[in-house]
Every structure is written in structure tokens, then in C-alpha cells.
Amino acid sequence: RDVTGVKTCALPISAVLGGTTTIATPTSGTAYKSIMLKLVQDGTGSRTVSWSSGWNFGVDLYGIAVSSTANSATYVGAIYNSTTSKWDIIAWAKGY
């Protein structure tokens, strides 16, 4: 299951994880544009997430372990880096 067609106009962008999910690269990236994702486990929970190549992880944020509890949410914040043409993930929090 891919989360595709992600735009950067509505915040937060919400997706229910109904299986193994790949987060596609958002469109409409411009320098320093920010985006917030809300990834919600379905009623089963324990769904995993992978990230397309359009996302950058830093030294301190080298990956995201989404909440595995059924119906719980993980928030992810990113800023577009026009030099690399990728979204730099700068924050995440889980368990909501």
C-alpha cells in the first residue's frame, strides 16, 4: 500500500495504515515549505511504514518507529530542502 498524491496544502495530512505502507514523496515542494503527516494505525495495529527516496533522515533522526498500538497516531514533520530536492524529516512523535 502506497500513500501517494500527497500535497503540501492541507495540514496535517492524515493516512490510516491498513497494511505495510510506503510514504511517497510529496509533490509541490519549494524551499523551506513544511509538511505535517499524521499516520494512524488501523484497528489491528502493528502496521509498518517505509519511506520513498524523496525523504531525508538526519544523524539524530535516522528513522521513525511509528506507534504500533491499534488506532494510535504518529506525527511526522518535514521541511523541503531545495538543494537536495528531498524532504528533511525534522521531528516525529508517537502515541496519540
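None of these values were measured; they are calculated from a predicted model.

Participant: An account of the overall build of the chain is requested, with residue identities and associated values reported.
Facilitator: Broken down by element type, the chain carries zero helices and eight strands. Each helix and strand of the chain, placed in order from N terminus to C terminus, yields the pattern β-β-β-β-β-β-β-β. Looking at the chain residue by residue over its 96 residues, the buried ones come to 36%. Counting only contacts in the chain whose residues sit at least 6 apart along the sequence, the fraction spanning at least 24 positions is 62%. Accessible surface, the chain as shown: approximately 5,200 Å² in total, 53% of it carbon and sulfur.

Participant: I'd love a proper account of the nonpolar core, names of residues and values included.
Facilitator: When a protein is soluble and globular, its nonpolar side chains tend to lie buried together. Within the largest apolar cluster, 17 residues are counted, with the highest numbers of intra-cluster contacts made by Leu37, Leu39, Trp51 and Trp55. Excluding residues that lie within four positions of it along the chain, leucine 37 makes contacts with Ile13, Ile23, Trp51, Trp55, Thr74, Tyr75 and Val76.

How each quantity is defined
- Throughout, a residue's number is its position along its own chain's written sequence, starting from 1.
- Restriction of local features to residues with pLDDT of at least 70 applies here, the model being predicted, together with a cutoff of 80 or more for giving and counting side-chain atom pairs; totals for whole chains, interfaces and linings are based on all residues.
- No hydrogens and no water enter the side-chain calculation; it runs on all heavy atoms of the structure.
- A helix here means a DSSP run of H or I that spans at least four residues, while a strand means a run of E at least two residues long, and both kinds are numbered starting from the N terminus.
- For each residue, the accessible area found with a 1.4 Å probe, counting protein chains only, is set against the maximum for its type, and the residue is called buried under 20%, exposed over 50%, and partly exposed in between.
- Residues are treated as being in contact if the distance between any of their heavy atoms lies within 4.5 Å.
- Per-residue accessibility takes into account occlusion by the displayed protein chains alone, with areas from the Shrake-Rupley method and a 1.4 Å probe.
- Throughout, nonpolar core names a set of buried Ala, Val, Leu, Ile, Met, Phe, Trp, Tyr and Cys residues whose side chains join them through atoms within 4.5 Å.

Function cannot be inferred from these measures alone, as they are strictly geometric.
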